[in-house]
Amino acid sequence: MSTLPGTEEFRSARRRMVADEVEAKGIGSREVLRALLEVPRHLFADDALRFQAYGGHALPIGWGQTLSQPYVVGAMTEALELTGEEKVLEVGTGSGYQAAVLSRLAREVRTVERIGELARRARSVLSRLKIRNVHVACRDGSNGWGEHAPYDRILFTAGAESIPAEVLDQLADPGILVAPVGGATQRIVVLRREGGVDRTEDLGACEFVPFITSGEGRIG
Ligand code: SAH
């Protein structure tokens, strides 16, 4: 795959981040580690935070939203078991960083964001990076993105009390959905669909910004 523009900058910081914050904490997929090494995380952070982009922490991206810490991005991406062939739906584009990581590992990524300004910013960074297999839409993720369903993989990056039924209906069979689920205490849930049966697995505790359910809708 071609190198992304902007990857020379901060390369050694990125290498350290992947080694210390992702690989050392248990993420073993070579492909996922390579994708994290390739995507210039600093370009997705606010200008003032560029130099903090490669720490082990989450980053504020405006509008009270955050870009997850590198380990969580790695763990959720690994759980999707991507082979390069999949069509993926992400709910919660935020900065676009997670979508950029997915773009290196899947065939096509569709990502939805309810805050117009975040969707616009994400689109502009992705286009600057010449990432062409990610499509960003400003819409309420409670309804997924039905026009392009079914999806081989679905990833939520905002914590819902439960997975909206309409989105679950958009998961292919076989398919995998990964989402932070729960109220005050959230867990990352991996749902595997195979032969018409859904099985869930718990990947551990997490802390995500809330998924805004229907009614509060799209803004901006
Ligand atoms: N994946 C992002 C981080 C996302 S933070 C990244 O890589 O930067 C979670 C995002 O989910 C926020 O931007 C928030 O606005 C969005 N969100 C919350 N509820 C939503 C909904 N119902 N529909 C679409 N997006 C939603």
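Quick note: structure is the one above.
A short tour of the structure in this document, coming up. For every chain, the first residue of the written sequence is number 1, and numbering continues from 1 onward in sequence order. The predicted origin of the model limits local features to residues at a pLDDT of at least 70 and limits the giving and counting of side-chain atom pairs to 80 or more, whereas totals for whole chains, interfaces and linings rest on all residues. Computation of side-chain values: all heavy atoms of the structure, hydrogens and water removed.

## Some details on the packing of helix 1 (residues 11–23) against helix 3 (residues 70–79)
No. 1: Look at helix 1 against helix 3: their axes get within 8 Å of each other, and the N-to-C directions meet at 70 degrees. As summarised for this structure, helix 1 and helix 3 are arranged roughly perpendicular, according to the angle between their axes. Taken together, the residues of helix 3 that come into contact with helix 1 (itself represented by Met17, Glu21 and Val22) are Pro70, Tyr71 and Gly74.
No. 2: Asp, Glu, Lys and Arg are counted as charged, while Ala, Val, Leu, Ile, Met, Phe, Trp, Tyr, Cys and Pro are counted as nonpolar; the rest, among them Gly, fall into the polar class. Tallied by class, the residues present in the contact of helix 1 with helix 3 amount to 4 nonpolar, 1 polar and 1 charged. Whenever a helix is involved, its axis is fitted only over the stretch in contact; in every case the axis is a line through C-alpha atoms, and angles between N-to-C directions fall within 0 to 180 degrees. Here a strand is any run of E in DSSP of at least two residues, a helix any run of H or I of at least four, and the numbering for each starts at the N terminus. Our angle categories are set so that under 35 degrees counts as roughly parallel, over 145 as roughly antiparallel, 65 to 115 as roughly perpendicular, and the remainder as oblique. Contact criterion: two residues are considered in contact whenever any of their non-hydrogen atoms come within 4.5 Å of each other.

## Some details on the nonpolar core
No. 1: Counting 53 residues, the largest nonpolar core has Leu36, Phe44, Tyr97, Val101 and Val178 as the members making the most contacts within it.
No. 2: The residues touching phenylalanine 44, leaving out its near neighbours within four places in the chain, are Val39, Ile61, Leu67, Ser95, Gly96, Tyr97, Ala100, Val125, Leu126 and Leu129.
No. 3: Residues belong to a common nonpolar core when they are buried Ala, Val, Leu, Ile, Met, Phe, Trp, Tyr or Cys residues joined through side-chain atoms within 4.5 Å. Think of it in three bands: residues with accessible area under 20% of the maximum for their type are buried, residues over 50% are exposed, and the middle band is partly exposed, with areas taken using a 1.4 Å probe on protein chains only. Core analysis: the next-biggest nonpolar cluster, separate from the first, contains 18 residues, Ile163, Leu171, Ala179 and Phe211 among them.

## Describing the site of the ligand
No. 1: Inspection of the region around the ligand gives 25 residues, with Ser95, Gln98, Glu113, Gly141 and Ile212 positioned closest.
No. 2: As used in this structure description, the phrase polar contact means that two N or O atoms lie within 3.5 Å; if the pair is within protein, one of them must be able to donate a hydrogen and the other to accept it, and residues adjacent in sequence are counted only when both atoms belong to side chains. Glutamate 90 places a polar side-chain atom, nitrogen or oxygen, 3.0 Å from a nitrogen atom of the ligand.
No. 3: Within the backbone of glycine 141, one N or O atom sits 2.7 Å away from a nitrogen atom of the ligand.
No. 4: About the coverage of the ligand: the protein hides 99% of its 580 Å² of free accessible area. One heavy atom within 4 Å of a molecule or strand makes the whole residue count as near it. Computed with a 1.4 Å probe, the accessible areas rest on the Shrake-Rupley method; for each residue, only the protein chains presented here act as cover.

## Thoughts on the pairing of strand 6 (residues 151–156)
No. 1: Most of strand 6 sits out of view: 5 of its 6 residues are buried.
No. 2: Pairing of strand 3 (residues 87–91) with strand 6 involves 4 bridges; the strand directions are parallel. Bridge pairing in strand 6 places valine 88 opposite arginine 153.
No. 3: Pairing of strand 6 with strand 7 (residues 171–181), which is carried by 4 bridges, proceeds in the parallel orientation. Residue pairing for strand 7: arginine 153 is matched across the bridge by isoleucine 176. In short, DSSP must find at least two bridges between two strands for them to pair.

## Describing unusual backbone geometry
No. 1: With an omega dihedral of 5 degrees, the bond running from alanine 149 to proline 150 counts as a cis peptide bond.
No. 2: With an omega of 0 degrees, the peptide bond between aspartate 173 and proline 174 qualifies as cis.
No. 3: Positionally, proline 174 belongs in strand 7.
No. 4: Here phenylalanine 10, not a glycine, exhibits a phi torsion of approximately 60 degrees, which is positive.
No. 5: Positive phi, normally seen in glycine, also occurs at tryptophan 63, with a value near 60 degrees.
No. 6: Mapped onto the fold, tryptophan 63 is located in the loop between strand 1 (59–62) and strand 2 (65–67).
No. 7: By relative accessible area, which is 47% here, tryptophan 63 ends up partly exposed.

## Quick look at the environment of leucine 177
No. 1: Its place among the elements puts leucine 177 in strand 7.
No. 2: Owing to a relative accessible area of 1%, leucine 177 belongs among the buried residues under this scheme.
No. 3: The spatial distance from the C-alpha of leucine 177 to the C-alpha of isoleucine 154 is 4.6 Å, given a sequence separation of 23 residues.
No. 4: Residues contacting leucine 177, with those up to four places away along its chain left out, are Ile154, Phe156, Ile163, Leu168, Leu171, Val189, Val190 and Leu191.

## Quick notes on the packing of aromatic side chains
No. 1: When two rings of Phe, Tyr or Trp (its six-membered ring) have centres within 6.5 Å they constitute a pair, described as stacked for plane angles under 30 degrees, edge-to-face for angles over 60, and tilted for the intermediate range. A full pass over the atoms with the stated rule returns 4 aromatic pairs.
No. 2: Judged by centre distance (5.5 Å) and plane angle (65 degrees), the rings of phenylalanine 10 and phenylalanine 51 are edge-to-face. Here phenylalanine 10 is found in the segment before helix 1, whereas its partner phenylalanine 51 is found in the loop between helix 2 (30–38) and strand 1, with 41 residues between them in sequence.
No. 3: Between phenylalanine 10 and tyrosine 54, the ring centres sit 5.8 Å apart and the planes meet at 35 degrees, which makes this aromatic pair tilted.

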